[in-house]
Amino acid sequence: MRRCVLGPLAVVVAVVGAAGCGSSESGSSGTSSSGGSGTTTVKVGIIPIVDVAPLYLGQRKGFFDRRGIKLEMVSAQGGAAIIPGVVSGQFQFGFSNTTSLMIAQSKGVPVKSVVNGAASNGEIGADVTAVVVKKDSPIKSAKDLAGRTVAVNTLQNIGDTTVRESVRRAGGDPSKVKFVEIAFDQMPAAVDGGRVDAAWMGEPAQTIAKAQGARVVASPFAETDPHLTVATYFTSARLTQQNPGLVKKFTEAMTESLRYASDHPDEARQILTTYTKIDGDVLKNLILPNWPARIDMASLKKLASLSEGDGLFGDKKPDLDALFS
């Protein structure tokens, strides 16, 4: 699994060079006509993870075709490529966790969230991300993570911020948690081999680790806010100005896709086999996020406050209303 979050330094450095560049392949709208019937090809920068299942499901159900959009999903080499890719016009839309978008906007990167992506399911002990430890670990709760080494897939982002909140809520000292960076797909082995005391895992790493006997000791997303908006689809400020009609159509199609995935979780689970290598017992047992159509602004305000406390924004706070509303 590739990384699903962006480190703040990676975002800023990558976007500085991209922000002033137009696409060398696209027209002023950032799209290209496929010819006939007014169909427009739209590139979406994604990472092939569980969270983007509604996008693929909506493509299969024809929600985008009906609006004259031909989707082309482009898998980025890593999350750090998506934001600058959207700003430069390489992609018309992208998928990113909300902390990364806040960091980018606070640094002056011209991005605009257009529709929800994924959210916590609110179930402590069974959420889409979890802090996992070995079966025989002395760590029994988030409080015990103080003084321990915890793996996250990217430092200074949504993972360590929400893990600290779990520790804080459990009565521990979040400042005493030591975070190290390990890719999601390497985390089950890192925990099982004792290279780290615990790991904050997404899916399918969480399900794989539990199949090896690991235990869940915290559910950082759900414990931060049971309605936490984790990720959204976004575009560039330029595209919202130059082609608002396309942005509106994409938003409508994606909203329909989110609602369909929420109402048909079995179909959403099965669509994973078309763009990931997840199958068998892992597919059957992995935990799905929630896919609400609406962004939960209250949860984002809380996440922004926690992120500010962790020093992720520097001198300027993100404008959440401008970014997400």
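Just above sits the structure.
Parameters and conventions
- Residues numbered from 1 in each chain as written.
- Predicted model: local features only at pLDDT ≥ 70, side-chain atom pairs only at ≥ 80, totals over all residues.
- Heavy atoms only, no water.
- Helix = DSSP H or I, 4+ residues; strand = E, 2+ residues; numbered from the N terminus.
- Expected span 1.5 Å × (residues − 1).
- Buried < 20%, exposed > 50% of the residue type's maximum accessible area, 1.4 Å probe, protein only.
- Arc of directions from axis to C-beta.
- Contact = heavy atoms within 4.5 Å.
- Core = buried A, V, L, I, M, F, W, Y, C linked by side-chain atoms within 4.5 Å.
- Axes fitted to C-alpha atoms, helices over the stretch in contact; angles between N-to-C directions.
- Left-handed = near helix turned anticlockwise from the far one by under 90°.
- Nonpolar A, V, L, I, M, F, W, Y, C, P; charged D, E, K, R; others polar.
- Salt bridge = Lys/Arg side-chain N within 4 Å of Asp/Glu carboxyl O.

Asker: Explain helix H13 (residues 297–309) here, please?
Answerer: Every α-helix carries 3.6 residues per turn, so stepping three or four residues along brings you back to the same face. Here H13 contains 13 residues, and its C-alpha end-to-end distance of 18 Å stays within 8% of the 18 Å for a straight helix at 1.5 Å per residue. Residues of H13 that are buried: Ser299, Leu300, Leu303, Ala304, Leu306 and Ser307. Along the axis of H13, the buried residues cluster in a sector spanning 165 degrees; they form a single face. Projecting away from the buried face of H13 at angles above 90 degrees are the exposed residues Ala298, Lys301 and Gly309. Of the surrounding secondary structure, the elements contacted by the buried residues of H13 are helix H4 (98–106), helix H5 (158–169), helix H8 (220–224), strand S11 (229–236) and helix H14 (320–324).

Asker: Whenever I open this one, unusual backbone geometry confuses me. Can you help?
Answerer: A cis amide bond links glutamate 203 to the next residue, proline 204, at an omega of 10 degrees. Relative to the elements of secondary structure, proline 204 occurs in the loop between strand S9 (198–201) and helix H7 (205–211). Phi angles above zero are rare outside glycine, and glutamine 156 is one such case at about 55 degrees.

Asker: What exactly am I supposed to notice about the nonpolar core here?
Answerer: If you look at soluble globular proteins, the nonpolar side chains tend to sit buried side by side. Grouped together as the largest cluster of nonpolar side chains are 97 residues, with contacts concentrated most on Val44, Leu55, Phe93, Met102, Leu145, Tyr233 and Phe250. Take this core: its biggest share by element is 8 residues, from helix H10 (residues 244–263). Each residue touching phenylalanine 250, except ones within four places of it in the same chain, is listed here: Val44, Phe64, Ile69, Leu71, Phe93, Val114, Val115 and Tyr233.

Asker: Mind showing me how you'd approach the environment of glycine 311 here?
Answerer: With respect to the secondary-structure elements, glycine 311 resides in the loop between H13 and H14. In this structure glycine 311 comes out as partly exposed when scored by relative accessible area, which is 47%. Through-space distance from the C-alpha of glycine 311 to that of glutamine 156 is 8.6 Å; in sequence the pair is 155 residues apart.

Asker: Sorry, what's going on with the packing of H4 against H13 here?
Answerer: When two helices pack together, their arrangement is given by the angle between the helix axes and the distance between those axes. In the contact formed by H4 and H13, the axes pass within 11 Å of each other and the chain directions differ by 65 degrees. Handedness of the crossing formed by H4 with H13: right-handed. Contact with H4, carried on its side by Thr98, Thr99 and Met102, involves Leu300, Leu303, Ala304 and Ser307 of H13 and no other residues of that element. Looking at the contact of H4 with H13, its residues break down into 4 nonpolar, 3 polar and no charged.

Asker: Would you mind showing me how to read the pattern of salt bridges here?
Answerer: Working definition: two side chains of opposite charge can pair if their charged atoms are close together. With the rule as written, the count across this model stands at 9 salt bridges. A salt bridge links arginine 67 to glutamate 256; the shortest N-O distance between them is 2.9 Å. Of this pair, arginine 67 sits in the loop between helix H2 (53–61) and strand S3 (69–75) while glutamate 256 sits in helix H10, placing them 189 residues apart in sequence. The residue glutamate 308 makes a salt bridge to lysine 317 at a minimum N-O spacing of 3.6 Å. Among the residues examined, glutamate 308 registers a relative accessible area of 37% and is labelled partly exposed. Residue classification places lysine 317 among the exposed residues on the basis of a relative accessible area of 53%. Among the ionic contacts, a cluster of salt bridges with common partners joins Arg66, Arg67, Lys248, Glu252 and Glu256.

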